[in-house]
Amino acid sequence: MLDFSPADWQAMKLSAWVACAATLLSLPFGIGVAYLLAFCRFRAKALVDGLINLPLVLPPVVVGYLLLLALGGNSWLGQLLGRFGIRIIFTWKAAVIASMVVGFPLLVRSIRIGLEGIDKQLLHAARTLGAGWHDTLLTVTLPLAGRSILAGMSLMFARSLGEFGATIVIAGNIPGVTQTIPLAIYSYSSTPGGDGMALGLCLVSVLLALVVLIFNESMVRRLNREERR
Amino acid sequence: MKLEVSLKKQLGRFSFAADFTAEGRRIGVFGPSGSGKTTLMNLLSGLFRPDSGFIRLDGETLFDASRKVHLRPEQRHVGVVFQSSNLFPHMSVRRNLFYGHRRVAGSRPRIKADDLIDVLNLAPLLDRGVGSLSGGEAKRVALGRTILGNPRLILMDEPLNGLDDGLKYQIIPYLKNVFKEFAIPFLFISHSLNEMQMMAEQVLEFENGRFRSQTAVDELALRCMGSSPAGFMNLLELEEPRSRGELTVYRWGGQELVLLNGVDPAPGMFELSSKDITLFKRHPEASSARNLLHCRVRKLVEVGSRVGVELDCMGQSLVGQVVGEAVEELGLAPGTEVMAAIKASAFRRLY
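The model shown is predicted, which means the values in this text are computed figures rather than measured ones.

## Digging into the packing of helix α2 (residues 45-57) of chain A against helix α5 (residues 92-116) of chain A
How two helices pack is summed up by the angle between their axes together with the distance between the axes. Residue and element names in this part refer to chain A. It is at 6 Å that the axes of α2 and α5 come closest, and there the two elements cross at 125°. Judged by the inter-axis angle, α2 sits oblique to α5. Between α2 and α5 lies a crossing of left-handed hand. Two secondary-structure elements touch here, α2 through Lys-45, Asp-49, Ile-52, Asn-53, Pro-55 and Leu-56 and α5 through Val-101, Val-102, Phe-104, Pro-105, Leu-106, Val-108, Arg-109 and Arg-112. Across the contact of α2 with α5, the residue classes tally to 9 nonpolar, 1 polar and 4 charged.

## Concerning the domain arrangement of chain B
All names here are of chain B. Annotation of chain B at the domain level lists domain 1 (2-225) and domain 2 (233-349). Placing the centre of domain 1 and that of domain 2 at their C-alpha centroids yields a distance of 34 Å. Domain 1 puts 9 residues into the contact, and the matching count from domain 2 is 14 residues. At the boundary of domain 1 with domain 2, total buried surface from both sides reaches about 880 Å², with 62% on carbon and sulfur atoms. Interface area lost by domain 1 to domain 2 is led by Gln-197, Leu-222 and Met-225, which between them contribute 65%. Our count for the contact surface shared by domain 1 and domain 2 stands at 0 salt bridges. For the pair domain 1 and domain 2, the number of links is 3 residue pairs in polar contact (both at pLDDT 80 or more). For the side of domain 1 that touches domain 2, the secondary structure elements donating two or more residues are α6 (165-182), α7 (193-199) and α8 (217-225). A breakdown of the residues in the side of domain 1 that touches domain 2 according to their chemical character gives 4 nonpolar, 2 polar and 3 charged.

Thresholds, definitions, all that
- Residues numbered from 1 in each chain as written.
- Chains lettered and ligands numbered in written order.
- Predicted model: local features only at pLDDT ≥ 70, side-chain atom pairs only at ≥ 80, totals over all residues.
- Heavy atoms only, no water.
- Axes fitted to C-alpha atoms, helices over the stretch in contact; angles between N-to-C directions.
- Helix = DSSP H or I, 4+ residues; strand = E, 2+ residues; numbered from the N terminus.
- Parallel < 35°, antiparallel > 145°, perpendicular 65-115°, else oblique.
- Left-handed = near helix turned anticlockwise from the far one by under 90°.
- Contact = heavy atoms within 4.5 Å.
- Nonpolar A, V, L, I, M, F, W, Y, C, P; charged D, E, K, R; others polar.
- Domains from an automatic or database assignment.
- Buried area = accessible area lost by both parts, 1.4 Å probe.
- Salt bridge = Lys/Arg side-chain N within 4 Å of Asp/Glu carboxyl O.
- Polar contact = N/O pair within 3.5 Å; in protein donor to acceptor, adjacent residues only side chain to side chain.

Here you go:
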């Protein structure tokens, strides 16, 4: 079996951690924005929709560079955070933020489709049965959108695992600190004799992706079974 | 129950306006599709916000545009039985049924769930999933779910739509029993005159988004007789069946009616068209019609080319129809005594 260096193990751990953190942190916002886009009518809807989907069509490097401008030491946001002793650029937090921004459109898109597919009459029925707005959200809306929320989370998790362009700009490629699996593979592939290790990390990537897919599939099947019972 | 409504609502190119006060327990809302019946349901339940006007239920204001009052649907205690049953697909029948029940505020009375489950015969369904219910079963669960929320008023939006006649007449006795048992006033929305006659006393009529009139259900049915090829449908509740050869004798109020044997003679609701009632001035000595009833003419109503004759048969009401010529020949006028002949085969069992 391949002999991974401590830095490789670190990269795997970091990748998993960044993907988990990015997915879970984005989830409440993703649900909120998807709800807004699916159910509310407001004038700036097209603009909001466009802004959220922008990272999907922009080169990730551009996203990373814009984030660097926004969060760097010279920006007002960076200075504000600096005053509280928080540094984001070139730390794992930057990798999480990069993944969040890049994966967010996938999450919102998926949840939105699920919400739009819910029969509004069911929500009306819940309201006339005495459930308030948030009660309806928790007991009817979200459970009915469960499958698409899961699908969105899987997509986002997978996208975060693969995030490269934005991460390398904003978080750098510091082994043991901000080096995730894709960055490590990139480093190995540009080092003479690193092909074997690059391939090993590729296999890990494939494995992780498969685990995510299988987990998603089994959760969806469980939800289906509960509904059909 | 007293419901005072004065509302206006613009929905795209459809404009809705209603102004009425309805009192009673069994109120019908009648009109063709697109007449604004469902809009009324949405406005009363709080799902839509009216543009102007007010809604008062038993003196309590549910909506008042000028005073900026708009109670949310969950604050109104107005239950809705939707056209499609709208059961929550991710919950079992039991959880669906108790969804509203669990949310009844502590200060409000609760309905005993066991009683309701008995009346609607829901016990065998409780542990099933919603997806496996038939159309009729789903309607019963939806009805039970709304009633268990113990609303002050129930709105039923075409609850029998999409059911074939057989199923429809299976559900109606449940509907009647449950409202008799739990004494909840209701608004029954439908485009079917037959359903109106069975469920409602007072009828609010809608047309093109406008409230037209408020009439007693029999008056409405008489008025509609002109446009219906089947004539006026009398609904007779017959009891105490007794076999007599190939015929069955039922009790109808204080008298007896003879019917052709059905599949199984049981008390129930029967339909009799006004066309199947023949009127005689004097007792015909012999007649092939098995039923000869002494009646007094209560009222004559001219509907198009026909005349509806409202008869009083020893306290029971019956509507027959004749042509103008017959009115003259028989000398029909309010107060005249006539004999009504009805064939044993003219009755149709509804349930």
